[in-house]
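Residue-level listing of the chains:
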Amino acid sequence: MLKLLAACTLMLFFGVSYAQGTGVPSTLPVAAVADPAAPVTTKLDPVAATKAFMNRLQGEAREKSDAYAEGGYWLLLWNLLYGLAVVWLLLSRGISSRIRDFAERRTRRKNLQTLLYVLIYIPLTALLEFPLMFYQGYYREHQYGLSNLSLMSWLGEAGIGLGVSMVLMGIAITGLYAILRRVPQTWWAWGTVAGAGFLMLVVMVAPVFIAPLFNTYKPVPDGPVRNDILSLARANGIPADNVYFFDASKQTKRVSANVSGMFGTTRISLNDNLLNRTSPPEIRAVMAHEMGHYVLNHVVKHMMAFSLVLLGGLLFIKFSWRWAEARFGKQIGVRGIADPAGLPLLMALFSVYMFLATPVLNTIVRTAETEADLFGLNASREPDGFAEAIFKLAEYRKLEPGAAEEFIFFNHPSGYSRIFAAMRWKAESIK
Ligand SMILES: [Zn+2]
């Protein structure tokens, strides 16, 4: 559940993230349409216009962008394998069963035993996984020039993140083991219900209690941009109180905005990089995309879809546990699925499932992103601003992946697909 929780929380902060612009002016080629019967008109050719954007990123810059994306694909595999190695270490050396024995000596109450186990297990695995986390979150981000964090600030944020996950995982895993003990036959069904409820609660409180631990959220500063954004919000039925502005530049160079929260806490947040580094049409286009997530209720729809993915994961654990316990149970000192000493094994099975479910999760999110793109184009009527903003993503997102690559790895449509959608909208709507 650790991985799913992390994945869901991340995905619910739908980041439409942008890197700093190249300053190249957007001039789009206009192709003549040969129709002798009609008066002489010119119509934009969306394919040629998209191609012109693609041609703007060539050579070393294109290679760097592709390398960052492709390295990210490999990291999915390295994360899985590294995580499995950590599990093997904890189980084969008897560390996990010793933590359980320690918890049993401290208290007789089963829930407290599980909680104590989790509060030792989470920081221990974080420590063992630190080298990969450091490479991925700090070294690599600096290598590609995307991070603004000093080592001390990065470590500070990692520490806060660890604290948050100890609280959330402490609750989630203690709850899961209580269910495993009480309803051993149907735990997977009750686990899905409880897991969905818990995720909903986390998503609801995240903007109020978790996001402010990392950034300061304020109303959008006064000025023409604020008026533009609030006008767009009013036109789309979004209360002005639900639009925020935050200081992301202390962490990253990426320009971004997101929708977070659920029911009463739903809000749109734009970061200071977006405000400082892009033109007003780009800001309008990006904010209209975020408003699409809001108006189309993507947070609620994602919760439903992720709950089904969770159900699949718990069923996967139910069936694969039998095999795993028969194969390893005795030698690792685990007394059954309801024994917290088996948590690393349970997590290992779940991480294999999540790895295999990558294309499913990405497709759920990518589908909503395509909808938000179309909503945003219609609401802002800024196809050029949107295409420019998307083009800036190419500093860290591959512009032109293959079809299978986009399906498996992309949680947003590719730069090509999104710019093409903008140019198609322009060709059909502005005549
Ligand atoms: Zn989005």
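Look up a bit, the structure's there.
Conventions we followed
- Residues numbered from 1 in each chain as written.
- Predicted model: local features only at pLDDT ≥ 70, side-chain atom pairs only at ≥ 80, totals over all residues.
- Heavy atoms only, no water.
- Helix = DSSP H or I, 4+ residues; strand = E, 2+ residues; numbered from the N terminus.
- Buried < 20%, exposed > 50% of the residue type's maximum accessible area, 1.4 Å probe, protein only.
- Contact = heavy atoms within 4.5 Å.
- Areas by Shrake-Rupley, 256 points an atom, 1.4 Å probe, with all protein chains shown as cover.
- Lys, Arg positive; Asp, Glu negative; His and termini not counted.
- Charge placed at Lys NZ, Arg CZ, Asp CG, Glu CD.
- Core = buried A, V, L, I, M, F, W, Y, C linked by side-chain atoms within 4.5 Å.
- Axes fitted to C-alpha atoms, helices over the stretch in contact; angles between N-to-C directions.
- Parallel < 35°, antiparallel > 145°, perpendicular 65-115°, else oblique.
- Left-handed = near helix turned anticlockwise from the far one by under 90°.
- Nonpolar A, V, L, I, M, F, W, Y, C, P; charged D, E, K, R; others polar.
- Donors = N, O, S within 2.8 Å, 3.2 Å for Na, K, Ca; no water.
- Expected span 1.5 Å × (residues − 1).
- Arc of directions from axis to C-beta.

Draft legend 1. Region of the structure containing the overall build of the protein chain. From N to C terminus, the protein chain includes 17 helices and seven strands. Here the protein chain holds 431 residues, and 49% of them are scored as buried. Summarising the internal contacts of the protein chain: among those between residues at least 6 apart in sequence, 80% fall at separations of at least 24. In the form shown here, the protein chain has an accessible surface area of approximately 20000 Å², with 64% of it arising from carbon and sulfur atoms. Computed over 41 positive and 31 negative side-chain charges, the separation of the two mean positions in the protein chain equals 11 Å.

Draft legend 2. Structural context of the nonpolar core. The biggest cluster of nonpolar side chains holds 39 residues, and the ones touching the most others in it are W187, I317 and L343. Of all elements in the fold, only α3 (59–92), α5 (110–128), α7 (151–182), α12 (298–332), α13 (343–356) and α14 (358–380) reach the threshold of two or more residues within this core. The element contributing the most residues to this core is α13, with nine residues. Not counting the four nearest positions on each side in its chain, L343 is found in contact with Y117, V118, Y121, I173 and Y177. Grouped together as the second largest cluster of nonpolar side chains are 28 residues, F245, A257, V259 and L270 included.

Draft legend 3. Structural detail: the packing of α3 against α5. Taken N-terminus to C-terminus, the directions of α3 and α5 make an angle of 125 degrees; their axes are 10 Å apart at the nearest point. Judged by the angle between their axes, α3 and α5 are oblique. Along this stretch, α3 crosses α5, giving a crossing that reads as right-handed. Of α5, the residues touching α3 (which contributes Y82, V86, L89 and L90) are Y121, L124, T125 and L128. Classifying every residue of the contact of α3 with α5 by side-chain character gives seven nonpolar, one polar and no charged.

Draft legend 4. How the structure looks around the coordination of the zinc ion. Looking at the zinc ion, one finds its protein donor set to be H289 (NE2), H293 (NE2) and E369 (OE), positioned 2.0 to 2.1 Å from the metal centre. With a relative accessible area of 0%, H289 lands in the buried category. H293 sits in the buried class, given a relative accessible area of 1%.

Draft legend 5. Geometry of helix α9 (residues 224–235). The end-to-end C-alpha separation of α9 is 16 Å, in line with the 16 Å expected for twelve residues at 1.5 Å each. All buried positions along α9 are accounted for by I229, L230, L232 and A233. Take α9 and look down its axis: the buried residues cluster within an arc of 155 degrees, on one side only. Turned more than 90 degrees away from the buried face of α9 sit P224, R234 and A235, all of them exposed. Where α9 is buried, its residues meet β5 (243–246), β7 (267–271), α11 (280–295) and α14.

Draft legend 6. Spotlight on the packing of α5 against α13. Direction vectors running N to C along α5 and α13 enclose 60 degrees, while the axes themselves pass 11 Å from each other. Taken as axis vectors, α5 and α13 run oblique relative to one another. On the side of α5, the interface is formed by Y117, V118 and Y121, while α13 contributes L343, P344 and M347.

Draft legend 7. Region of interest: α11. An ideal rise of 1.5 Å per residue puts 22 Å on 16 residues; α11 measures up with 22 Å between its terminal C-alpha atoms. Of all 16 residues that make up α11, twelve are buried, and the element is covered over most of its length. E282, I283, A285, V286, M287, A288, H289, E290, M291, G292, H293 and Y294 are the residues of α11 that are buried. Of the residues one or two after α11, N297 is the one with positive phi, at around 55 degrees.

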